[in-house]
Amino acid sequence: MQRRSKRLLTAVSMAFAFVVTGCAMSSTPYQPLQSASRISGGYSDIRVDETHYRVSFAGNRLTSRERVESYLLFRAAELTLLKGYDYFVIEDREVEHQIERQIRRDPFYDPWYSPYHAYWRPYWRYYRAGHGWYHWYPYYGDPFWADRYDVRTIERFEATADIRLGRGPLPNANLRAMDAREVRDRLAPQIEYPSN
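Conventions we followed
Position numbers for residues start from 1 in each chain and track the written sequence from start to end. Whole-chain, interface and lining totals are the exception, using all residues; otherwise, since this is a predicted model, local features are given only for residues with pLDDT of at least 70 and side-chain atom pairs are given and counted only at 80 or more. Working from all heavy atoms in the structure, the side-chain values ignore hydrogens and water. Among the buried residues, those of types Ala, Val, Leu, Ile, Met, Phe, Trp, Tyr and Cys that are joined through side-chain atoms within 4.5 Å form a nonpolar core. Only protein chains enter the calculation, and the probe is 1.4 Å; a residue is then buried if its accessible area is under 20% of its type maximum, exposed if over 50%, and partly exposed in between. Helix numbers and strand numbers start at the N terminus; a helix is a DSSP run of H or I with at least 4 residues, a strand a run of E with at least 2. Here, two residues are considered to be in contact whenever any of their heavy atoms come within 4.5 Å of each other. Note on ring pairs: Phe, Tyr and Trp rings are taken, using the six-membered ring of Trp, and paired if centres are within 6.5 Å. Classes follow the plane angle, with under 30 degrees stacked, over 60 edge-to-face and the rest tilted. Our definition puts a charge over a ring when NZ of Lys or CZ of Arg is within 6 Å of the ring centre and also within 35 degrees of the ring normal. What makes two strands pair is DSSP finding at least two bridges between them. In this description, a line fitted to the C-alpha atoms serves as the axis of each element, helices being fitted only across the stretch in contact, and the angle between N-to-C directions of two axes falls anywhere from 0 to 180 degrees. Comment on the angle field: the value is read as roughly parallel under 35 degrees, roughly antiparallel over 145, roughly perpendicular from 65 to 115, and oblique elsewhere. Two helices that cross are described as forming a left-handed crossing if the nearer one is turned anticlockwise from the farther one by less than a right angle, and a right-handed crossing if clockwise. Each residue is assigned to one class: nonpolar for Ala, Val, Leu, Ile, Met, Phe, Trp, Tyr, Cys and Pro, charged for Asp, Glu, Lys and Arg, and polar for all the others, Gly among them.

Chemist: Just to check I follow, could you spell out the nonpolar core for this structure?
Modeler: One broad rule of soluble globular proteins: the nonpolar side chains tend to lie buried together. Membership of the largest hydrophobic core comes to 25 residues, with the highest contact counts inside it found for Tyr30, Phe57, Phe88 and Ile163. Contributing elements (two or more residues each) for this core: strand E2 (52-58), helix H2 (65-82), strand E3 (87-105), strand E6 (149-166) and helix H3 (180-187). When near neighbours in sequence (up to four residues on either side) are disregarded, Phe57 contacts Thr28, Pro29, Tyr30, Gly42, Tyr43, Val68, Tyr71, Leu72, Phe157, Glu158 and Ala159.

Quick look at the structure:
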């Protein structure tokens, strides 16, 4: 009875840890990038001169490329309006794509011990006439009993754009010029801000 309650307690605590971890980790909200929380991501901008800025948005592992690029455009539009300009021109843009592969031993598979068969492990001894006693233990080299591994691929995106700010009517000849108010108004419904 005591062993069963320990197993139940362990299962409940693991489920609680998964729920807490799942709730704590979500895609990057629209927030400034801080050095203390670089993993969670956010936007940053660097002033090059009076009308030129470098704007970036970094997402965490749960943030899609589309969201990163949308947030970058929203920040460029917001910055343009904050500085008193009407439009911005994207002079250069790049998206950095990082791929990380994590290989971990499957935590739910352990041939060396399991609470369901704590007193049973496949092990056979047999006697061969003239050779003596032999044993067979399946964990040595048999692929069926080999350790299982969990392979996860983690992708992160960071978009960067060099923009030039401008006043007045939007230049029609330049396809990279965008009206800041229009971009802001179109993307505003999609923007998620931090909850706290």
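Chemist: Even after reading the chapter, I still don't get the packing of aromatic side chains, so can you show me in this structure?
Modeler: To describe a pair of aromatic rings, you give the distance between the ring centres and the angle between the ring planes. Tallied over the full model, the rule gives five aromatic pairs. Relative to Phe74, the ring of Tyr30 lies with its centre 5.1 Å away and its plane at 85°, an arrangement referred to as edge-to-face. In this pair, Tyr30 is assigned in the loop between helix H1 (2-24) and strand E1 (42-47) and Phe74 in helix H2, connecting sequence segments 44 residues apart. Here Phe74 falls in the buried class, since its relative accessible area comes to 4%. Centre to centre, the rings of Tyr30 and Tyr193 are 5.8 Å apart; their planes meet at 90°, and the pair counts as edge-to-face. Taken as a pair, Tyr30 in the loop between H1 and E1 and Tyr193 in the segment after H3 lie far apart in primary sequence, 163 residues in all. With a relative accessible area of 4%, Tyr30 lands in the buried category. By the ring-pair criterion, three or more aromatic residues cluster together here, those being Tyr30, Tyr43, Phe57, Tyr71, Phe74 and Tyr193. Its end group placed over the ring of Tyr85, Arg167 keeps NZ or CZ at 4.0 Å from the ring centre.

Chemist: Where do I start with the pairing of E1 in this structure?
Modeler: A regular strand places its side chains so that they alternate between the two faces of the sheet. In terms of strand pairing, E1 meets E2 through six bridges, oriented antiparallel. Along E2, the bridge assignment pairs Tyr43 with Phe57. The turn joining E1 and E2, which pair antiparallel and follow one another in sequence, is formed by four residues.

Chemist: Would you explain the packing of H2 against H3 in this entry?
Modeler: Helices that pack against each other are described as a pair by the angle of their axes relative to one another and the distance between those axes. Two elements in contact, H2 and H3, have axes separated by 8 Å at closest approach and are oriented at 135°. Here H2 is positioned oblique relative to H3, judged by the angle of their axes. In this structure, the crossing between H2 and H3 has a hand that is left-handed. From H2, Ser70, Leu73, Phe74, Ala77, Thr80 and Leu81 reach across to H3, where they touch Ala180, Arg181, Val183, Arg184 and Leu187. Partitioning the contact of H2 with H3 into residue classes produces seven nonpolar, two polar and two charged.

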